[in-house]
Structures are given as structure tokens and as C-alpha cells.
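Summary of structural features
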Amino acid sequence: MTRTATTFSGEGTFPHGVHPPERKGLAADAAIEVLPTPAQVNIPLLQHVGATCVSIVKPKQELTLGERIADSEAFISAPIHAGINGTAGMQSVATLPNGRHVPAVPIKAAEEQPTAEEIFKDVLGGDWPTRGLEQYAPEKIVEAAKTAGLVGQGGAAFPTHVKLKYNPEKPIDTILLNGCECEPYLTADYRMMVETPAPIITGALLAARACSAKRVLIAVEDNKPLAVDTLQQAAKGTDVRVVVLKTKYPQGGEKQTIFAALGRIVPQGGLPLDVGVVVINVGTAAALARAVLRGKPLTHRVICVTGAGIVKPKNLLAPIGASYRDLIDYCGGLKPTATRVIAGGPMMGFTLGNLDTPVTKGTSGVTVLTEEDTRRPAETNCVRCGRCVDACPMHLVPTRIALASRGKDWDLAKKYHITSCVECGCCAYVCPASLPLVQLIRMGKAQMPRE
Amino acid sequence: MEEEAKNNETMESAAESKPAPVLHVAPGPHLQDTNITTRRMMVDVLIGLAPVVVAASIIFRQYAWQQLGLCVGTCCLTEAICSAIRRKPIPILDFSAVITGVILALSLPWNMPVFVPIIGSAVAIVVGKVIFGGLGQNIFNPAMVGRAFVMLSFAGAVGAPAYVQHLDKMPWLESVHAAPSQTLIAANADDHIDATSNATPMTAWKESNRSTMLSALFLGNTIGSLGETSALACLIGGVFLCLRKTASWQIPTGMLIAVAVIAGIANLCDSGAAWTLLHELLGGAVLFGAFFIATDPVTSPITPKGKFIFGLGVGVFVMIIRLLSVYPEGVMFAVLLMNAVTPLINRWTVPKPLGAK
């Protein structure tokens, strides 16, 4: 294992932020396993930012793995595909971890399913060329991303083709692959970088071709030296370079990664596009390679099942639409001490009330916490110590915004720039008074009258 | 936090015989830094005050303990009574009343009628804190509110004379020979001044241009308020608080810079004076105030920039009072004045969000 220092213009980190306990060790050494095909999957028709898809299948229709089952005319949307072979059921409603009720198509598994080896080889294994990619025209790559239903796999699930589409007014010079995985516990991206760096590199080169970026960087936190080393080996002979960033939360936040790796500041209310950068998650890059080279849609993803409340933490390659219960059961089930099952990581993830909720394209992990992990001291009044100000990566005054939201003083909340909050949760993490700061801000953002 | 118990999540595979865990739903983040709580911050302040308390009990012995006992006892009792009246849980365990008591005691002279610290403490808690709504709601530093009240009400008991009455009760206090000012040396080379038996170092300088040895100001074997005499003890406790980030370093830094710059200019204007920049920094309550009084998070601004401006303001007012007023010392009034403008500073220093123009 070698630690590599960055020599790029970025400082390798960003101001403020917090250092929660990493606890990556729980699942860091668990090689990616393929989840045995569940008896049934339930595929939500909205798994991304944008318009909800409309089902194009009828009940009892036979479906094969990878078949398109829903699509939308809207530009900001992504089609959805069957993750297993089987029979479609009646369209129902699924409640996503964020509380949204969305239509969903259940699929009952057929007898015939590809084996675990076949699935792994198809999704991540096999050859991934880094040369000869010139044969894929930029428009074809964007088209392939759209057809394959690619969305950001880091969590926000923004449709990838929208990001990659060439915009003559905002030229892109850098593709930044996000391999920071700054959420504590989660190791899905880490395992992919360590085990299958090849599709990541190929996907990065394809993304760069799609938006004619000259530079391709992969940002990785320095707590993953093995991933840095593996990616550097895999990137030999290509223009892809690995940037090592300091381990800090939220280093993987888009704006923070851009600042840390490139020293550029995304304007308030703007997009990475505005500073000539497209950021995509390493998992998204691998899926892009698969979509372009193999013409396969996004049907599976790596999900980390971890936490002190799970019997055997694992990293699983699971079909989209599998239920959280399927994943948890395959990992030995919950321990009796488990108190919270979180879709995603412990900082920004959502707790699940119903384990039959399906996983989506944006699900990076399942973190199961125990009573001990989630214990909070009693709430006191704000003593205005300013720790939240020192922690906020967006340079806000969280306590002011939170208390303004609690009192529904929207003018004050706006004066303190409530809309700039990225909801990373650093403020609530550090608050000595145990105030639910980011929770109140989130509530404020939702309740604030729109202009 | 709104936590709803979610019932009966059954598991099938591993733990059939074990009871199913009860799952909770709550908004994130699901982790919290439990190393730092409001109570822990208060304990930090008490730890930071420990060197000062030790120095005070070496210098003033039982008189220090008497004062501390009276103030802390009254503060806690008042807080308990007020909480009972307001039908709130009694928050003695958050230690904030203890801190108010300790700081008030350390800011008072060693020898006073018993009723003075008691009244001061009661006023500190009631007027300084409770009527604003308790911890975190007050505008002015409670200990300084209490001190200002007794100083103005019982000027004889708390003002300059209080420090020097009955010094014969403390025979262990070696008289400290002050280095007379340069001009005095020229006039009368043998004029050694017994600082402890005459006045506090600040009063001695203000009223009779007598300087005190820097070593005495540094170690603290002079008379003065209980906590202010030893610069060393204040520095040890203060640096601890800043390293723990319980006190924001911007406040003492700003305050000491302001005092040093103004004292430096005053020095340059009067180059022969024996009372130098270092005397201004080490003497009086500047260090005690900079590290323990001005850094009260509740009554100081919230942004780093605001904290620095606040510190500068306190330092400027301290020097204005010291140089231009009849008072020898001005930390208390300086802190209270800046407390009053804290909301304004907060409004001026709303930070620009990342990426804002």
C-alpha cells in the first residue's frame, strides 16, 4: 500500500467540516458478493431527480433482465429496467426511504436466472479497454447513458445524461470522479475501486469523451490508500490521475470535492458545470462503461450493508428493486441491539420504517445502528458557542437558520441564506446542545413559502 | 427528537428465537459527537478556572474560599429557587450557575461584608440570567451584571478602598517592592513602594504613578481581585480553554491586541513611564477578563470575525477607561458595553456562503 500525495492545485481539502468516527473497518474487507436473486423485486418508477416514469408493461407480462419497463418523455428523467427475469405484477405504490410515495412495478422471479458469476462478470467483470474509445462518438455516449437509465449512484441520483450532454455555453475541462465516500461506515465505492478499477477508468475516459473534457481526475480520501494504489495501477497508460484528498466529512460533497481537488468554488445556486467540471461517482462511471461498451442498462449496483447492528456486514451486488429485508437477511439479519436501519450512511441517510422498501439506483448502503451508536444527550438551549459555524462547509450560521425555522421567521432564515444549506448534517453532529439543527433547517426549507 | 417506535420488525433468518429488534425512525444525522455537550463545556470552564482558583487560594487563603463559597452557594440556591418558581427542572447540573458564582467571586476583592457577595450573586442569577429566560438567553454576562450592581451599590465595600482595608489580616502577603517610575527614581532613589499595603497595582499607578514589578504581576503576589492577580494562572487556564475550543481564541486575541496597541501608543507618547505595555497586559483583570469573562459564548458574537471584533472592542474600552476615566480598571464595563453591541456585531458579520458573490 502506498500513500500518494497530491501535487494538484487544490489544497486536498476544504475549510470546515467534521471528523465523525469512520467505522469503515466493519465491511472494508468484505469482497463484493452477488445477492442471490430474490423471489420478488419491486421496482419504483421514480428513482432519480426529475420526472416520474410511466410503466410500459402490463401485468403478467414476461420480462427478461435488462428489459425496459418504464420511461418518460421529460429531459430530466431516466428509464427504468427489470433487474431480474420474471413476470410483472400489478402496479402498486412503494414508499421510498425519504417518505415519497411513488408508483412501483413488482416482478416475480422466474425459475431461470443468471448465476452469480454471470451477473458479476456482466456488471463489473471481464475486459474493459482503455484504448480505442475514439470509436464512440460523444453523442452516442450520452445516448447510451440515457438509454441505460444511468443516474448518479452517489446518492442524489441525478440523471447522468443531463450532466454529460455537451453545452457549448459552458465548456467542461475536467471530469472529476468522486471516490471519496466520506460517509462513515460505507464501503461500496471502496470495494469497487479495489476490486474492479478497470470499468471505473474506462467509464471515466468515456465521460471525458462525452463532454470533451481534457482532464480526468479521480478523487479519493487518504483513508483508502489501497484504492488509491489500485486505481493508479489501473490508470497506467491513460490520462486518468488520482487525487488524494484528506479524510474529512463531507469531502465527497460535490462542491467540497471540487474545491479540494481543483481549488474552484461553485457559485451559490450554481452547478459544477459553471466552473467547467462534471462530477460523477465512481459507481456511475463503471455503469457508464457497461452501458456504452456492452449496451446494458443499469440493473444492478453495489450496496454496502454494514453497521454494528448487522450480523455479518457485507458488500453486495444487488438488483435494483430488491428489498432492504432481502439484503439484511443475506447478511445474517439484524442483531437484537439494532435500533435504526438507515438507507445510506449515518450522516445523510434516511431511517426505514418498513424493511420491505425496495433499494433504488441511488442506494449506496444500508447502515444498521444500535442504541449505543445513536444515543444523544438531552437537548439544551443554544449557548451560541459557534461550533456549528466552524463546522459548516457552506460557511453558514446553522443555529440562526435552525432557530429561525423553528420560529417560522422566514425573513431571518433567508437573511442567513437558508437555501445555501446542503443538509450535510455537520452542524447537528457537533452541536453541544444536541439541537437538531439540520433537521430544523430541512423542515424550514420544506415549509418556507416559495417565491 | 421525534422518535417513533416502530413495532415488530420481524426477522426470519438468523435470530428466530431472539426477540425482534424495535426499530426507530428519526431524521439524520444519526451520529453525534458525544464528546462535547453543553455540560462538558461548562466543566471545561471550571477546569480552566482551576489554576486561577489555586492561585487565589495561595495568595488569599481562607478569604478566597470564603468568597467562592458564598458566591457559588448563593448562585446555585438562587438558580434552584428561580427554577422552582418557573416550574422548570432545576438545572444545577449544567454547572452554569457554578461558573457564574466562581467568576463573580474571583472578580471581587478579598475582604467584604458577607452580604455583598450574596447580593451580587443573587442579582447575577436573577437579573443577569433568569429574567431573560435562563441559560443561553441572556444578553449580558451574568457575573458582570452582579459585580456592576454591587460595585455601584456598595462603592465603599467593592471600590478601590476595599482592596487595602485590613491588610494586616493577611500577614503572609509579603510586601511587594515596586519599581518606581523612572522619573521618581531620578527624584528619590530610595523610594521603594510597598505595593500590597498601599493599593492594587492599577490604583497605585493611577493615583500615585507607582509601578509594580512585572514578576509580581506575573505570579500574582499583589493585592487585587481574587482571580486577577496572577497572570500566569490566567494564562494556563485560558490556553487550556482555547485549546479545548470551549473559549474562542479570537476573543482573547482581539482583546490583547487592542490593549497592546493602545498601551504601546500610550507608551510611545510617554517614553519615560515605568508603567509599560507589559504592565498593562499583565496588570489588572485584562487576562482574567480576556480568557474567562469576555469568552462567555452566550454573550459574545457567534461568527469568528464577530468574535475578533468583539475582542478588539473590549480591549479598546478597557484602555479608554484605564487611560481616560477615574477608574483604574475597566474590564467589567468594557465587557458589558460590548455585550450590548453583540447582536449588532452578529448582524454585521453574517458570513458569506461558499460561492456567494
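**A word on the overall build of chain B**
Secondary structure summary: chain B contains 16 helices and four strands in total. By residue count, 51% of the 357 residues in chain B fall in the buried class. In chain B, 70% of the contacts between residues at least 6 apart in sequence involve partners at least 24 apart.

**A word on the overall build of chain A**
Scanning chain A from terminus to terminus reveals 15 helices and 18 strands. Since a compact globule built from 451 residues should have a radius of gyration of about 22 Å, the 21 Å found for chain A is in line with a globular shape. Across its three principal axes, chain A shows a C-alpha extent of roughly 60 × 45 × 45 Å. Each of the 451 residues in chain A was classed as buried or not, and the buried ones make up 59%. Put simply, 73% of the contacts in chain A that link residues at least 6 apart link residues at least 24 apart.

**What about unusual backbone geometry?**
Residue and element names in this part refer to chain A. With an omega dihedral of -5 degrees, the bond running from Tyr249 to Pro250 counts as a cis peptide bond. With respect to the helices, strands and loops of the structure, Pro250 is situated in the loop between strand E12 (240–245) and helix H8 (254–262). Of note in this structure, Lys408 is not a glycine but carries a positive phi near 55 degrees. Along the chain, Lys408 turns up in the loop between helix H12 (398–406) and helix H13 (410–415).

**Examining the confidence of the model for chain B**
Residues and elements named next belong to chain B. Averaged over every residue, the pLDDT of chain B is 84; the share at 70 or more is 86%. Contacts for the low-pLDDT stretch residues 1–16, under 50 throughout, to residues beyond four places or in other chains number 32 contacts. Below a pLDDT of 50 lies the segment residues 175–197, which in the model reaches 52 contacts outside its immediate sequence neighbourhood of four places, other chains included. Across the interface, the model reports ipTM at 0.87; the global pTM reads 0.89.

**Some details on the packing of H12(A) against helix H15 (residues 437–447) of chain A**
All names here are of chain A. Interaxial distance between H12 and H15 falls to 8 Å at its minimum, and their mutual angle equals 55 degrees. Considering the angle they form, H12 stands oblique to H15. Here the hand of the crossing between H12 and H15 comes out left-handed. From H12, Pro398, Thr399, Ile401, Ala402, Ser405 and Arg406 reach across to H15, where they touch Leu437, Leu440, Ile441, Met443 and Gly444. Of the residues contributing to the contact of H12 with H15, the split by class is seven nonpolar, three polar and one charged.

**A closer look at the nonpolar core**
As a rule of thumb, nonpolar side chains are buried together in soluble globular proteins. The biggest cluster of nonpolar side chains holds 249 residues, and the ones touching the most others in it are A:Leu177, A:Ala204, A:Ala207, A:Ile218, A:Ala219 and A:Leu327. Of the residues forming this core, the biggest block, 10 residues, is contributed by helix H1 (residues 38–60) of chain B. The residue makeup of this core includes at least three contributed by each of domain 1 (118–294) and domain 2 (387–447) of chain A. In this structure A:Ala219 touches A:Leu176, A:Leu177, A:Asn178, A:Gly179, A:Cys180, A:Val243, A:Leu245, A:Thr257, A:Ala260 and A:Ala261, once residues within four positions along its chain are discounted.

**Observations concerning the domain arrangement of chain A**
Often the size quoted for an interface is simply the accessible area lost on bringing the parts together. Residues and elements named next belong to chain A. Domain annotation for chain A reports domain 1 (118–294) and domain 2 (387–447). On a C-alpha basis, the centres of domain 1 and domain 2 stand 31 Å from each other. Contact with domain 1, which involves five residues of that partner, is made by five residues of domain 2.

**So, the sheet that holds strand E5 (residues 68–71) of chain A**
Residues and elements named next belong to chain A. One open sheet holds the three strands; their spatial order is E3-E5-E6, and the pairing between them is antiparallel. Both edges of this open sheet fall to strand E3 (54–55) and strand E6 (80–81), since each of them pairs with a single strand only. In this structure, E3 lies alongside E5, joined through two bridges in antiparallel fashion. Bridging from a neighbouring strand, Ser55 pairs with Ala70 of E5.

**Quick look at the pairing of E5(A)**
Summarising the sheet, E5(A) and E6(A) pair through two bridges and their orientation is antiparallel. The partner of A:Ala70 across the bridge, within E6(A), is A:Ile80.

**Let's talk about the interface of chain B and chain A**
At the interface, 45 residues of chain B touch 61 residues of chain A. Those elements giving two or more residues to the side of chain B that touches chain A turn out to be strand E2 (23–25) and H1 of chain B. Taken together, the residues of the side of chain B that touches chain A sort by class into 23 nonpolar, 14 polar and eight charged.

**Description of the environment of A:Gly407**
Take A:Gly407: it is sitting in the loop between H12 and H13. Judged by the 12 C-beta atoms lying within 10 Å of it, A:Gly407 falls in the exposed class.

**Side note on the sheet that holds strand E10 (residues 174–179) of chain A**
Residues and elements named next belong to chain A. Here four strands make up an open sheet; going across it, the order is E12-E11-E10-E13 and the pairing parallel. Either end of the sheet is taken by a strand with one partner, and the two such strands are E12 and strand E13 (277–281). Mean inter-strand twist for the sheet, computed between neighbouring axes without regard to direction, equals 25 degrees. Contacting E10, strand E11 (215–221) and E13, helix H9 (residues 282–294) runs over the sheet at an angle of about 85 degrees to E13.

**Things to note about the packing of helix H5 (residues 142–153) of chain B against helix H16 (residues 331–348) of chain B**
All names here are of chain B. The geometry of H5 relative to H16 is characterised by a closest axis approach of 10 Å and an angle of 125 degrees between their N-to-C directions. By the criterion of interaxial angle, the relationship of H5 to H16 is oblique. In this structure, H5 crosses over H16, and the sense of that crossing is left-handed. Residues Met144, Arg147 and Ala148 of H5 pack against Met332, Val335 and Leu336 of H16. Residue classes in the contact of H5 with H16 are distributed as five nonpolar, no polar and one charged.

**Observations concerning helix H4 (residues 115–126) of chain B**
Spanning 12 residues, H4(B) covers 16 Å between terminal C-alpha atoms, matching the ideal 16 Å at 1.5 Å per step. Those residues of H4(B) that sit buried are B:Val116, B:Pro117, B:Gly120, B:Ser121, B:Val123, B:Ala124 and B:Ile125.

**Comments concerning helix H3 (residues 138–147) of chain A**
Along H3(A), the residues classified as buried are A:Ile141, A:Val142, A:Ala144, A:Ala145 and A:Lys146. Count one or two residues on from H3(A) and you reach A:Gly149, which has phi positive near 70 degrees.

**Topic: the environment of A:Ala235**
With respect to the helices, strands and loops of the structure, A:Ala235 is situated in the loop between helix H7 (225–234) and E12. Sequence-distant contacts of A:Ala235, defined by excluding residues within four places in its chain, comprise A:Ile201, A:Val240, A:Arg241 and A:Val242.

**Quick notes on the pairing of strand E15 (residues 314–319) of chain A**
Residues and elements named next belong to chain A. Taken across its six residues, E15 has six buried, putting it largely inside the fold. Of the two faces of E15, the one carrying Lys314, Leu316 and Ala318 and the one carrying Asn315, Leu317 and Pro319 are both buried. Across three bridges, the pairing between strand E1 (residues 32–34) and E15 is parallel. Bridging from a neighbouring strand, Glu33 pairs with Leu316 of E15. Relative to E15, strand E14 (residues 300–306) runs antiparallel, the two sharing six bridges. Residue pairing for E15: Val302 is matched across the bridge by Leu317.

Calculation criteria
- Residues numbered from 1 in each chain as written.
- Chains lettered and ligands numbered in written order.
- Predicted model: local features only at pLDDT ≥ 70, side-chain atom pairs only at ≥ 80, totals over all residues.
- Helix = DSSP H or I, 4+ residues; strand = E, 2+ residues; numbered from the N terminus.
- Buried ≥ 20, exposed ≤ 12 C-beta atoms within 10 Å, placed from the backbone.
- Contact = placed C-beta atoms within 7 Å.
- Rg over C-alpha atoms; globule rule 2.2 N^0.38 Å.
- pLDDT = per-residue confidence, 0-100.
- Axes fitted to C-alpha atoms, helices over the stretch in contact; angles between N-to-C directions.
- Parallel < 35°, antiparallel > 145°, perpendicular 65-115°, else oblique.
- Left-handed = near helix turned anticlockwise from the far one by under 90°.
- Nonpolar A, V, L, I, M, F, W, Y, C, P; charged D, E, K, R; others polar.
- Core = buried A, V, L, I, M, F, W, Y, C linked by C-beta atoms within 7 Å.
- Domains from an automatic or database assignment.
- Pairing = 2+ DSSP bridges.
- Expected span 1.5 Å × (residues − 1).

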